[in-house]
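# Overview (structure and organization)
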Amino acid sequence: MALISGQSLFGADLAMRVTDKKTLDTQGFSVFLYDSTYHPVFVDQKNTAMEMILHGQRIATNGDVRLMPTPEQWDLVATLKGRQADKANNRLTASLAFPTFDLSYTLEVAAEPGGVKVTINLDKPLSQKLAGRAGFNLEFLPSIYMGKAYLVDGTKAGIFPRTPDDPMVKVLPLTDEPKKAYYLEDWDKAKGYTQPLPFAEGKSITLGVDDALARVNVKSDTADLMLFDGRNRAQNGWFVLRSLIPSGKTTGAIVWHIRPDVIPNWTRPPMIAHSQVGYAPGFSKVAVLELDPKFEAPKTAKVLRLMENGSYKQVFEGPITPSTPWLRYVYSKFDFTPVKDPGLYVIEYADQRTATFPISKDAYANVWQDSLDHHLAVQMDHVSVREAYRVWHGASHLDDGRLAPVVGEQFDGWNQATAIDGKYKGGDHIPGMNVGGWYDAGDFDLEEPAQLSVIQSLALAYREFDLKYDELTVDEGAREVEMHRPDGVPDTVQQVKHGALLIRAQFHNFGHAIRGTHEPDLRQYTHLGDGASKTDGRIYDPQLGPNEVKGEYSGKPDDRWIFSTTNPFFQWNAIAALAAAADTLKGYDDALAKDCLDTAIKAWNAEKAHPTQNPVGGLGGAAPAGGQGGAPGGGVLAASQGTVSGSGAPASSGTTSAPIAPPSGFDRGGFGVGQDWAAALELTIATNGAEPYKSRLKELFPQMITPQQMGFRGWTAVRALPYLDASAKDQMREAVKTYMAGLDKQLDATPFGVPPSLGTWGGSGAVVDMAIRMYFLHKAFPDLVSSEYTLRAVNYILGTHPVSSTSYVAGVGTVSKTKTYSNNRADNAYIPGAVIPGYIIIKPDFPECIDDFGFLWFEDEAVVAGSASWVVAGNAADAITKESK
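Just so we're clear, the structure is a prediction, and the values are computed from it rather than from any experiment.

## Some remarks on the overall build of the protein
The helix and strand inventory of the protein stands at 17 helices and 46 strands. For 885 residues, the compact-globule formula gives about 29 Å, and the C-alpha radius of gyration of the protein, at 28 Å, lands near that figure. Expressed as lengths along the three principal axes of its C-alpha atoms, the size of the protein is roughly 80 × 75 × 50 Å. Looking at the protein as a whole, 63% of its 885 residues qualify as buried.

See below:
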């Protein structure tokens, strides 16, 4: 209350300065200008152009000239030609253009008393065709402002709506607008070219009048300000403040004065990052304190025990470490490992108190179940999924699928290499493909890398931890799944079977793995809600009329497209997945186990005789990219860093396809060294050491334990040791020694001791990968590798991370993410057990993961590969804490 009731600097001189990081900054308020650019695939991600951070929150983004009031993700954006930071005049400038319309201009943001002045200067007057179309837009975050008050011209009051309900008008494309891809043209036409009318208009608008942490005033010296609600067009739209550029003007075509109501001497309250599920008694307990550099930090923190009568009793007080700067904040650690008695506790520091957490020998026993029996269950395709009274979705996509009829690049980076594959030509229905598989992420497509990763992760979890957990009934014949109803078959086994059915169908139809199954158009791709309502479930028959139905056939071409493009990446790791499935299914479905193994062996022989080539022009949109910050599909069978290229869809249109980190048996960076390692390993295990797989393991083993591989997939060589000579373990021991010698220095790059999140996608997958990798290395070489690495990584996912201490596993922990970029995000909801990507860095230095907003895919979109990997990591942590001393 003291923070929000103090005297503000509204209208006073904020003394903003251009910093060495090329931002405009004062205590409590920052402005960025094109520190990031629009993404080459995703385009508008809500994190570029002019951005404002007020009292520790990014309140606004995308400040630039746009040609629509509420543009969506793939609508036209300006081309950035250059930017400058003028320290002498405390001014940021970006030079931009819309070349097609011969429109060039500068966007200037300059410090002035009370805030900043925003100016658009055109090189020449606006053309007639852009009059009434080109305007300056600045987008404000809905989760901050909805339900809050605004004031127009000091007298006209209103409340930001929670639900969009504005009149819509048709705004046709401009005649000279660059021609879009056919699927974008179809998408615009299907939506009717509509735009909302403004819900407020005037010369001065104050946003968040009743919120001292978000209050900001904007005045226009030129055209009126208009407030639009972008959610009229898509659930993840933002509030848009806009002024049209007037005809005939050049210098000062737009002039805004932005006055943030900055609290004097404001400092961000300390954030105490800790595990939201608690800690095991005999293991390390370290909280990380994220502090404002100007905060006068106490030197000690306390641990209080919550007593049965509701009172708190101090049980420990200890020093915090000297602060270490990282990005925008400084960090200290608080080690309370001496607290070991089972019970409920909180940490207290500088008048901040955490949520309650337990210390218990079973602290990690229940961190993974929701991922297996909720998130993965809800994502199951081609079946209905029910939980008690609730039906999550009906049996979906029973009309799968048609061979993609269009050769070349499609939206979301999907690509069909050829018009014919075997006996099928483009547009043909492929029988038997409406089985198994999981919706990839917040959308409904079947990404091949995700399917292969889930199968291998769950197969490993079942075998490594003897995972007999059973809470699902799965009836593949009836296409029915029901939660909270054990059926006598371990859920990991049933999920492995569900994935194997899909991969087996690919080999039976095409003789090889495929790119996956994808929506035919953007209207279907942006669907939110029940996956069973996306299509009519009937096989398309072009001989029938558009609304004609005849038995199991209809004239509606809504069947999903099957992209049969393949490459060595898919092929070798599909073989590995089938072999892992065969080993897992033995004793539960022997017929399917045999078929999976026979199919894998046949494919191995064929691949050795006639190696699959990469398709011309790329890898079908699914090659591992370099880049940093692994997607949340990391873990057991995922690269520690990097994503699959060509993924993503219009976030403002409603969905994306998450980047999938390739399984750790997968070779990234050219598929050169040991690309068949994972297949050889799983076939060796499934055949109990048969040839030629065992010999291939021995041949590849030295390559897998090189320093370059140890931090990526070298740990999987631990699983090969029982099938190799005794000397192999000695060789690996030396490799692990070398790896560990440099590991701590790498992990010290952040205060959290885990891989940093440096890419466009949050890096939780890389951390899950670390947890699993270090578990297996610890298990094989406990004298070289401490168990604390795995627990540190797991605790990070569960709350010991930047920005907030919210658990990244939805519904798991005292405080967890409950708004995720899942297929139910239109309800501002989540699917339990979904593992989000987590924080990213809004360049240059602002770490962000917004708790109460679930529409930023790069922070919030959970992928199935991530959930499957988390099942392994969670069990690893539980196994470690139950090790015999």
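Having seen it, we continue.
## Brief notes about unusual backbone geometry
A cis amide bond links Asp 400 with the next residue in sequence, Gly 401, at an omega value of -15°. Mapped onto the elements, Gly 401 comes out in the loop between β31 (390–393) and β32 (402–403). Cis geometry is found at the peptide bond from Lys 843 to Pro 844, where omega equals 10°. Tracing the backbone through its elements, the reader meets Pro 844 in the loop between β45 (840–842) and β46 (846–848). Located in the positive-phi region is Asp 153, a residue other than glycine, with phi close to 55°. Along the chain, Asp 153 turns up in the loop between β11 (149–152) and β12 (156–159). At Tyr 193, a residue that is not glycine, the phi angle is positive and equals roughly 55°. When you line up the elements, Tyr 193 lands in the loop between α3 (182–191) and β14 (194–196).

## Notes on the sheet that holds strand β40 (residues 516–518)
If you trace the four strands from one edge of the open sheet to the other, you get β32-β44-β40-β37, paired in mixed fashion. The sheet terminates laterally at β32 and β37 (446–447), the two strands that pair on one side only. In the sheet, β32 pairs with strand β44 (residues 561–563) via two bridges, with the strands oriented parallel. Across the sheet, the residue bridging to Arg 402 is Trp 561, located in β44.

## Things to note about the pairing of β11
As defined by bridge partners, β11 adjoins β12 across four bridges and the pair is classed as antiparallel. Each residue of the ladder has a partner; that of Tyr 150, found in β12, is Gly 158. Linking β11 back to β12 in an antiparallel pair, the connection comprises three residues, with Asp 153 at a positive phi of about 55°. Bridging between β11 and strand β16 (residues 204–207) involves three bridges; their strand directions are antiparallel. Of the residues in β16, the one forming a bridge with Tyr 150 is Leu 207.

## Topic: helix α8 (residues 568–585)
Side chains of residues three or four places apart in an α-helix project in the same direction, reflecting 3.6 residues per turn. The first and last C-alpha atoms of α8 sit 26 Å apart over 18 residues, in line with the 26 Å expected at 1.5 Å per residue. For α8, a buried count of 18 out of 18 residues is recorded, marking the element as mostly surrounded by other parts of the structure. One side-chain oxygen of the residue at the start of α8 lies 2.9 Å from the amide nitrogen of Phe 569, identifying that residue as Asn 567. Positive backbone phi, approximately 90°, marks Gly 587, located one or two places after α8.

## Looking at the confidence of the model for the protein
Mean pLDDT for the protein: 91, with 92% of residues reaching 70 or above. Counting interchain partners and residues more than four positions distant, the pLDDT-below-50 stretch residues 1–9 has 15 contacts.

## Quick word on the pairing of strand β7 (residues 91–98)
Across the eight residues that make up β7, a large majority, seven, are buried. Two elements, strand β6 (residues 79–86) and β7, share seven bridges in a ladder whose sense is antiparallel. Looking at β7, one finds that Asp 86 is bridged to Arg 91. Joining the antiparallel neighbours β7 and strand β8 (residues 103–112) is a turn of four residues, in which Asp 102 adopts a positive phi near 50°.

## Observations regarding the sheet that holds strand β41 (residues 539–540)
Pairing is mixed in the open sheet, where three strands are placed in the order β41-β43-β42. Two strands close off the open sheet at either side, each with one partner strand: β41 and β42 (549–550). Looking at chain direction, β42 and strand β43 (residues 553–554) are connected through two bridges and run antiparallel. Note that in β43 the partner of Lys 550 across the bridge is Tyr 553.

## Remarks on the pattern of salt bridges
On inspection of all chains with the given rule, the structure shows 52 salt bridges. Between Arg 233 and Glu 72 there is a salt bridge, with the nearest N and O atoms lying 3.0 Å from each other. With a gap of 161 residues between them, Arg 233 in the loop between β18 (225–229) and β19 (239–244) and Glu 72 in the loop between β5 (57–66) and β6 connect regions that are remote in the sequence. On the basis of relative accessibility, which here comes to 17%, the residue Arg 233 falls in the buried class. Residue Asp 211 is joined to Lys 148 by a salt bridge in which the shortest nitrogen-to-oxygen separation is 2.7 Å. Taken as a pair, Asp 211 in the loop between β16 and β17 (216–220) and Lys 148 in the loop between α2 (142–145) and β11 lie far apart in primary sequence, 63 residues in all. Relative accessible area serves as the criterion here: at 15%, Asp 211 is assigned to the buried category. Residue Lys 148 is classed as partly exposed on the basis of its relative accessible area of 23%.

## Remarks on the packing of helix α6 (residues 491–510) against α8
The N-to-C vectors of α6 and α8 enclose an angle of 135°; their axes lie 9 Å apart at closest approach. Judged by the angle between their axes, α6 and α8 are oblique. Of the two elements, α6 crosses α8, and the hand of that crossing is left-handed. Contacts between α6 and α8 involve Val 493, Val 496, Lys 497, Ala 500, Ile 503, Arg 504 and Phe 507 on the former and, on the latter, Gln 571, Ala 574, Leu 578, Ala 581, Thr 584 and Leu 585.

## Considering the nonpolar core
The biggest cluster of nonpolar side chains holds 241 residues, and the ones touching the most others in it are Phe 140, Met 732 and Trp 870. Sorting elements by how many residues they give to this core places α8 first, with 13 residues. In contact with Trp 870, other than residues within four places in its own chain, are Val 367, Trp 368, Ser 371, Val 768, Val 794, Ile 797, Leu 798, Val 809 and Val 835. Grouped together as the second largest cluster of nonpolar side chains are eight residues, Leu 403, Tyr 424, Ala 505 and Phe 510 included.

## A short note on the packing of aromatic side chains
Inspection of every chain in the model, using the stated rule, returns 41 aromatic pairs. Between the aromatic rings of Phe 160 and Phe 199, the centroid separation amounts to 6.0 Å while the plane-to-plane angle is 80°, which identifies the pairing as edge-to-face. Remark: Phe 199 occurs in the loop between β14 and β15 (200–202) and Phe 160 occurs in the loop between β12 and β13 (168–170); sequence separation between them is 39 residues. Consider the rings of Tyr 331 and Phe 752, whose centres lie 5.6 Å apart with planes at 75°: the pair is edge-to-face. In this pair, Tyr 331 sits in strand β26 (residues 329–335) while Phe 752 sits in the loop between α13 (727–747) and α14 (764–780), placing the two residues 421 residues apart along the sequence. With respect to burial, Tyr 331 and Phe 752 carry one shared label: buried.

## Concerning the side chain of His 518
Counting through the fold element by element, His 518 comes out in strand β40. There is a polar contact of 3.4 Å between the side chain of His 518 and the side chain of Asp 445.

## With respect to helix α5 (residues 448–465)
Counted at 1.5 Å a residue, the expected span for α5 with its 18 residues is 26 Å, and the 26 Å between its end C-alpha atoms agrees. Counting buried residues along α5, 16 of its 18 residues qualify, which places the element largely inside the surrounding structure. Directly beyond the C-terminal end of α5, a positive phi value near 50° is found at Asp 466.

## Notes on the environment of Phe 160
Given a relative accessible area of 1%, Phe 160 falls into the buried group. Setting aside its immediate chain neighbours within four residues, Phe 160 contacts Tyr 145, Met 146, Gly 147, Lys 148, Ala 149, Tyr 150, Phe 199, Leu 207, Gly 208, Leu 227 and Phe 239.

## Regarding the environment of Leu 227
Assignment of secondary structure puts Leu 227 in strand β18. Residue classification places Leu 227 among the buried positions, given a relative accessible area of 0%. Separated by 136 residues in sequence, Leu 227 and Ala 363 have C-alpha atoms that sit 48 Å apart. With residues near it in sequence (within four places) discarded, Leu 227 still touches Tyr 150, Phe 160, Pro 198, Phe 199, Ala 200, Ile 205, Val 240 and Leu 241.

## A few points about the side chain of Asp 558
Take Asp 558: it is sitting in the loop between β43 and β44. We note that Asp 558 is buried and unpaired, the nearest opposite charge coming from Lys 556 at a distance of 4.5 Å. If we ignore the near neighbours within four places in the chain, the residues touching Asp 558 are Asp 399, Pro 520, Gln 524, Lys 534, Thr 535 and Asp 536.

Calculation rules
- Residues numbered from 1 in each chain as written.
- Predicted model: local features only at pLDDT ≥ 70, side-chain atom pairs only at ≥ 80, totals over all residues.
- Heavy atoms only, no water.
- Helix = DSSP H or I, 4+ residues; strand = E, 2+ residues; numbered from the N terminus.
- Rg over C-alpha atoms; globule rule 2.2 N^0.38 Å.
- Buried < 20%, exposed > 50% of the residue type's maximum accessible area, 1.4 Å probe, protein only.
- Pairing = 2+ DSSP bridges.
- Expected span 1.5 Å × (residues − 1).
- Polar contact = N/O pair within 3.5 Å; in protein donor to acceptor, adjacent residues only side chain to side chain.
- pLDDT = per-residue confidence, 0-100.
- Contact = heavy atoms within 4.5 Å.
- Salt bridge = Lys/Arg side-chain N within 4 Å of Asp/Glu carboxyl O.
- Axes fitted to C-alpha atoms, helices over the stretch in contact; angles between N-to-C directions.
- Parallel < 35°, antiparallel > 145°, perpendicular 65-115°, else oblique.
- Left-handed = near helix turned anticlockwise from the far one by under 90°.
- Core = buried A, V, L, I, M, F, W, Y, C linked by side-chain atoms within 4.5 Å.
- Phe/Tyr/Trp six-rings, centres within 6.5 Å; stacked < 30°, edge-to-face > 60°.
- Lys, Arg positive; Asp, Glu negative; His and termini not counted.

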